[in-house]
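Below, each chain spelled out in residue letters.
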Amino acid sequence: MKIAVLGYGTIGSGVVEVLNINAGKIARRSGETVEVKYVLDLREFPGDPVQDILVHDYSVIAEDDEIGVIVETMGGTKPAYDFVKTALLSGKSVCTSNKELVAAHGAELIQIAKEKNVNFFFEASVGGGIPIIRPINQCITADEIQEINGILNGTTNFILTKMAEDGADFGDVLKEAQELGYAEKDPTADVEGYDACRKIAILTSLAYGKQVDYEDIYTEGITKITAADFKYAEKMNAAIKIFGTSKKIGDHVYAMVAPQVVGHDHPLYSVNGVFNAISVTGNMLGDVMFYGAGAGKLPTASAVVADVVAAVKHQGEHVPITWSSDKLDITPLDEMENRFFVRVGGEEREKAAGVFGEVQMIDAGIAGECGFVTPVMKEKEFSEKVKALDTLITRIRVQ
Ligand code: HSE
């Protein structure tokens, strides 16, 4: 099998490396040898063996009938979407790590793959090296999925873990994460939750078989989390994590990305550093959890190459993925029920119970303020009631 790799960045070069290091095993599992015939990139790579197979013009790959599988590791939707669509329409299977592409165009690309009797695989688009797409699509299909909770972004989990360990503020830890190469120079997509939002949109689309538009998902990042918040979390024997969440209650599907106070008995409490984990609750299965490296060159490339093996094994056979372009309506955030951890000025301590009913007070020993946890209530009820407090410092949802 001759394949092409689009984009020779971190993941694309990892794909070439995995194919080289594990060539024998991959050939045995695929049923034939897998050879990278082309690498597409705008740059040159003098001294790198791929320089000999490097092309700058996609049409060379698109028009080569010998290429049966294309790996797309460029990221973004332009020009990835056009390249992938062209490949599928010309009867080539595609394996991608690109969550922006999958979240925006997954349903359409799966449909084209079906019509052309090829495959569009995207295991690496969520959770990096963690198997989660195939498990949801194939292993948990006997269940109604009731809930997905995921730590879906390694950068923010690293930052929150460091803030908890060092008692440091967000800005200082972000700077350190950038110096260590864990956070991008422009960290917006990670710290504002946009990356996790695309990932929970993909998982929710797969769980319910319909298109979830990521724009419909309420998304809150971690930029307002402070060292003081962690002092309260410590008192609660809890962590603060950013979760991608979706849940089905009756006919309603709720989804959000937001920081959460997570108790020590929660399965995701001890997922630290750059690791990711996804907990899925099925109505028959109960809880199942997937944990591992959610980013990084070789773990992510490993998932992409596993898709290549599947694409080679299933030549001439479309592996169905239930994700139609019918829109799945996400219930408005106002209707979602949550508990909230709230910090207000000390003078409003007594008022808290009057406003919210039975609250659990938390004393973190910070002068001039107090913290408490509300009972479960609808988001709209919380938004209304909190207006009665004049000295609100912050609020974080509680798992
Ligand atoms: N920026 C992402 C993360 C990379 O930190 O998880 C993997 O999608």
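As a reminder, the structure under discussion sits directly above these lines.
Parameters and conventions
Within any chain, residue numbers begin from 1 and follow the written order of that chain's sequence. Where local features are concerned, this predicted model is filtered to residues with pLDDT of at least 70; where side-chain atom pairs are given and counted, the filter is 80 or more; whole-chain, interface and lining totals use all residues. Excluded from the side-chain calculations are hydrogens and water; all other atoms, namely the structure's heavy atoms, are used. Whether a residue is near a molecule or strand is decided by its heavy atoms; if any one of them lies within 4 Å of it, the residue is near. In protein, a polar contact means a hydrogen-donor-capable atom and an acceptor-capable atom, both N or O and within 3.5 Å, with residues adjacent in sequence counting only if both atoms are side-chain atoms; elsewhere, any N or O pair within 3.5 Å suffices. Residue burial considers only the protein chains on display, and all accessible areas are found by Shrake-Rupley using a 1.4 Å probe. The helix and strand labels rest on DSSP assignments: H or I over at least four residues marks a helix, E over at least two residues marks a strand, and numbering proceeds from the N terminus. Note on exposure labels: buried denotes an accessible area under 20% of the residue type's maximum, exposed denotes more than 50%, and partly exposed covers the range between, all computed with a 1.4 Å probe on protein chains only. Fitted lines through C-alpha atoms serve as axes, helices being fitted only where they are in contact, and the angles separating the N-to-C directions of these axes extend from 0 to 180 degrees. Roughly parallel means an angle under 35 degrees; roughly antiparallel means over 145; roughly perpendicular covers 65 to 115; every other angle is labelled oblique. Crossing chirality is assigned from the near helix's rotation relative to the far helix, an anticlockwise turn below a right angle marking it left-handed and a clockwise turn marking it right-handed. When checking whether two residues touch, look at their non-hydrogen atoms; a contact exists if any pair is within 4.5 Å. Asp, Glu, Lys and Arg are counted as charged, while Ala, Val, Leu, Ile, Met, Phe, Trp, Tyr, Cys and Pro are counted as nonpolar; the rest, among them Gly, fall into the polar class. Pairing between strands requires that DSSP locate at least two bridges from one strand to the other. A crossover counts as right-handed when, viewed with the strands pointing away from the observer, the path leading from the first strand over the helix to the second turns clockwise. By convention in these notes, a salt bridge is any Lys or Arg side-chain nitrogen within 4 Å of a carboxyl oxygen on Asp or Glu.

Draft legend 1. The arrangement of the site of the ligand in detail. Around the ligand, the structure places Lys-99, Asn-153, Gly-154, Thr-155, Asp-190, Asp-195, Lys-199, Gly-294 and Ala-295. Asn-153 places a side-chain nitrogen or oxygen 3.5 Å from an oxygen atom of the ligand. In isolation the ligand has 260 Å² of accessible area, and contact with the protein removes 79% of it. The set of elements that each furnish at least two residues to the shell around the ligand consists of helix H7 (154-166) and helix H10 (194-208).

Draft legend 2. Layout of unusual backbone geometry. Look at the link from Lys-78 to Pro-79: it is a cis peptide, with omega at 5°. For Asn-117, which is not glycine, the phi dihedral falls at a positive 55°. A relative accessible area of 37% means that Asn-117 is categorised as partly exposed. Despite not being glycine, Asn-237 shows a phi value in the positive range, around 55°. Structurally, Asn-237 is set in the loop between helix H11 (227-235) and strand E9 (238-249). Taking relative accessible area as the criterion, Asn-237 reaches 40% and is therefore assigned partly exposed.

Draft legend 3. Main features of the packing of helix H4 (residues 80-89) against helix H5 (residues 99-115). Contact geometry for H4 and H5: axes closest at 10 Å, N-to-C directions at 15°. One finds that H4 runs roughly parallel with respect to H5. Note on packing geometry: the crossing formed by H4 with H5 is right-handed. Contact with H4, carried on its side by Ala-80, Tyr-81, Val-84, Lys-85, Leu-88 and Leu-89, involves Leu-101, His-105, Glu-108, Leu-109, Ile-112 and Ala-113 of H5 and no other residues of that element. A per-class count over the contact of H4 with H5 returns 9 nonpolar, 1 polar and 2 charged.

Draft legend 4. Representation of the environment of Val-16 within the structure. Relative to the elements of secondary structure, Val-16 occurs in helix H1 (residues 10-21). For Val-16, a relative accessible area of 10% translates into the label buried. Each residue touching Val-16, except ones within four places of it in the same chain, is listed here: Val-5, Tyr-8, Val-39 and Val-50.

Draft legend 5. Here's a closer look at the pairing of strand E5 (residues 93-96). Neither face of E5 is exposed, since Ser-93 and Cys-95 on one face and Val-94 and Thr-96 on the opposite face are all buried. In terms of strand pairing, strand E4 (residues 67-72) meets E5 through 4 bridges, oriented parallel. Within the sheet, the bridge partner assigned to Glu-72 lies in E5 and is Thr-96. Across 2 bridges, the pairing between E5 and strand E6 (residues 120-121) is parallel. Within E6, the position partnered with Cys-95 by the bridge is Phe-121. Following the chain from E5 across H5 to the adjacent parallel E6, one finds a crossover that is right-handed.

Draft legend 6. Just the pattern of salt bridges, in detail. Overall, the coordinates contain 27 salt bridges when judged by the stated rule. Here Glu-35 and Lys-2 are joined by a salt bridge, their closest N and O atoms 3.6 Å apart. Linking Glu-35 in strand E2 (residues 35-40) with Lys-2 in strand E1 (residues 2-6), this pair joins segments that are 33 residues apart in sequence. Given the relative accessible area of 42%, Glu-35 is considered partly exposed. A residue is classified by how much of its surface remains accessible, and Lys-2, at 23% relative accessible area, is partly exposed. With a shortest N-O distance of 3.8 Å, Glu-66 and Lys-2 are connected by a salt bridge. A residue pair is termed long-range when its members are at least 10 positions apart, and Glu-66 in the loop between helix H3 (58-62) and E4 and Lys-2 in strand E1 qualify at 64 residues. You can call Glu-66 partly exposed: its relative accessible area is 41%. Via salt bridges that share partners, Lys-2, Glu-35, Lys-37, Asp-64 and Glu-66 belong to a single interconnected network.

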